[in-house]
Amino acid sequence: MSDNTNTGVLTGALATDRKDAWWLGPLLTAIGLGGFGVYSTIRAFANANYEWGPYLSPFYSPLITIPSLNGLVGFKVSPAFLILWAPAGFRATCYYYRKAYYRAFFQHPTACAVNEIHGKAYGGETSFPFILQNIHRYFMYVAVLFIGILWYDAISAFFFPAADGTKHFGIGVGSLIMVVNVLLLGSYTFGCHSLRHLVGGKMDCFSCTSFGKAQHKTWLGVTWFNNRHMLFAWCSLFSVGFTDFYVWLCATGRINDYRFF
Ligand code: FES
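Given the structure is predicted, the values throughout are model-derived calculations rather than measurements.

A. The environment of Thr126, seen in detail. Mapped onto the elements, Thr126 comes out in the loop between helix H5 (95-106) and helix H6 (136-156). Placed 114 residues apart in sequence, Thr126 and Gly12 show a C-alpha to C-alpha distance of 26 Å.

B. A look at the pattern of salt bridges. Per the stated rule, a full pass over the model turns up two salt bridges. Between Asp20 and Arg18 there is a salt bridge, with its nearest N and O atoms 2.7 Å apart. Look at Arg18 and you get partly exposed, because its relative accessible area is 30%. Measuring nitrogen to oxygen at the nearest pair gives 2.6 Å for the salt bridge that ties Asp244 to Arg43.

C. Local environment of the state of the cysteines. Evaluated as defined, the whole model comprises one disulfide. Here Cys205 connects covalently by a disulfide to Cys208, the sulfurs 1.8 Å from one another. Judged by the sign of its S-S torsion, about 75 degrees, the bond between Cys205 and Cys208 is right-handed. The partly exposed category is assigned to Cys205, whose relative accessible area is 25%.

D. Broad picture of the environment of Ala100. Mapped onto the elements of the fold, Ala100 is located in helix H5. As a C-alpha pair, Ala100 and Asp20 span 80 residues in sequence and 18 Å in three-dimensional space.

E. Fine view of the side chain of Ser78. Residue position: Ser78 is located in the loop between helix H2 (67-73) and helix H3 (80-83). Its relative accessible area of 3% is what places Ser78 among the buried residues. At 2.5 Å, the side chain of Ser78 and the backbone oxygen of Ala44 are in polar contact. Among residues more than four places away in sequence, those in contact with Ser78 are Ala44, Asn47 and Tyr60.

F. Broad picture of the packing of helix H4 (residues 85-92) against H6. Viewed as axis vectors pointing N to C, H4 and H6 meet at an angle of 130 degrees, and their least axial separation amounts to 9 Å. The orientation of H4 with respect to H6, classified from their angle, is oblique. Handedness of the crossing formed by H4 with H6: left-handed. Seen from H4, the contacting residues are Trp85, Ala86, Pro87, Gly89 and Phe90; seen from H6, they are His136, Phe139, Met140, Val142, Ala143 and Phe146.

G. Examining helix H9 (residues 212-227) more closely. Taking 1.5 Å of rise per residue, 16 residues should cover 22 Å, and H9 covers 22 Å from first to last C-alpha, within 8% of that figure. Buried within H9 we find Gly212, Trp219, Val222, Thr223 and Asn226. Each buried residue of H9 sits inside an arc of 110 degrees when the element is viewed along its axis, so together they form one side. Facing away from the buried surface of H9 by more than 90 degrees, the exposed residues are Lys213 and Lys217. Residues of H9 that are buried in the fold lie against helix H8 (193-201) and helix H10 (229-251).

H. How the structure looks around the packing of aromatic side chains. Across all of its chains, the model carries 27 aromatic pairs by this definition. Geometrically, the ring pair formed by Tyr97 and Trp234 is edge-to-face, given 6.4 Å between the ring centres and 65 degrees between the ring planes. In this pair, Tyr97 sits in helix H5 while Trp234 sits in helix H10, placing the two residues 137 residues apart along the sequence. The interplanar angle of 25 degrees and the centroid separation of 5.7 Å between the aromatic rings of Tyr102 and Phe106 together place this pair among those described as stacked. Here Tyr102 and its partner Phe106 are both found in helix H5, four residues apart, which amounts to about one turn of the helix. Aromatic ring contacts, followed pair by pair, group Phe90, Tyr96, Tyr97, Tyr188 and Trp234 into a single cluster. Over the face of the ring belonging to Tyr188 we find Arg91, whose NZ or CZ atom lies 4.3 Å from the ring centre.

Cut-off values and rules
Residues numbered from 1 in each chain as written. Predicted model: local features only at pLDDT ≥ 70, side-chain atom pairs only at ≥ 80, totals over all residues. Heavy atoms only, no water. Helix = DSSP H or I, 4+ residues; strand = E, 2+ residues; numbered from the N terminus. Salt bridge = Lys/Arg side-chain N within 4 Å of Asp/Glu carboxyl O. Buried < 20%, exposed > 50% of the residue type's maximum accessible area, 1.4 Å probe, protein only. Disulfide = S-S within 2.5 Å. Polar contact = N/O pair within 3.5 Å; in protein donor to acceptor, adjacent residues only side chain to side chain. Contact = heavy atoms within 4.5 Å. Axes fitted to C-alpha atoms, helices over the stretch in contact; angles between N-to-C directions. Parallel < 35°, antiparallel > 145°, perpendicular 65-115°, else oblique. Left-handed = near helix turned anticlockwise from the far one by under 90°. Expected span 1.5 Å × (residues − 1). Arc of directions from axis to C-beta. Phe/Tyr/Trp six-rings, centres within 6.5 Å; stacked < 30°, edge-to-face > 60°. Lys NZ or Arg CZ within 6 Å of the ring centre and 35° of its normal.

Following this line, the structure appears as C-alpha cells:
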C-alpha cells in the first residue's frame, strides 16, 4: 500500500483505508466457484456414472444422446455438454454472481473502496464483452423450463425399477436429495432479478391494471426469494454438485442408497 501524502489519496494495487477483512469474501468466492467449476467440468467430461436406479444427475438432465453426433465430430460427446450451457449461462450472467466473480477472479474491483489491480477503472457493462451480460433475461426463460424438467426427475426418483421392468414407489435417500435440490434451484431461479422485473418490478402502479392484485402478490413472492438471492445461489450451487456426487457414489458402488421403504 502506498500513500500520496500531497492529496491524501491512496494509490497502488489493492490500496485501501479499510481495516476489516475485505479480502475474505472474494477469497471464499474464488474457492467456492473455482472448486465447483473444476468439479463440474470433470463430471461433464466423465460421461459416465450419472444414472443409478431412478436417479439422474442434474448435470445430465435432460438426458439427450445423439449417437450420430459422435460420428460427426469423431469422438463421444458427453450429453452434459448439450445442456450445461443453459444453467452455466444463467449463473454466469446472474447479477449476483457477476458481482461475486468480478471481485474474486477479475479483481475488478476486489472490494468497495479498494484500488483496482489493473489501474483501469471499471467501465460498467455498456461495451463489449460485458455488454453480453444483458442476455441474462433470455437464460432466465430457459432456466425456468429446467426447473420443470428437474421436478420431473425428482418425482421419477420415487419410482424404482424392478427386475421385471415395472416400477415401484419407494423413498430412498437419493429421492429426498433430488427433491431438496430442485427446491433450492427453484428458490434461486424464482428470485432472479430479471424475473422480478418481469412480474412487476417494471410497474409504477399495481392498482391501475386489471390483474394488479395478482401481479402484486406474485411480485411480493419473487421479492421474498430475491432478498435471499445470494443465499439460494450458494445453497443451490452446493446442492446441485452434491446431488451429482451422490448419484456418482451410488453408480460406482461406493455406497448403497438407503431405502426408507
Ligand atoms: Fe441471479 Fe437472475 S439475477 S439468477
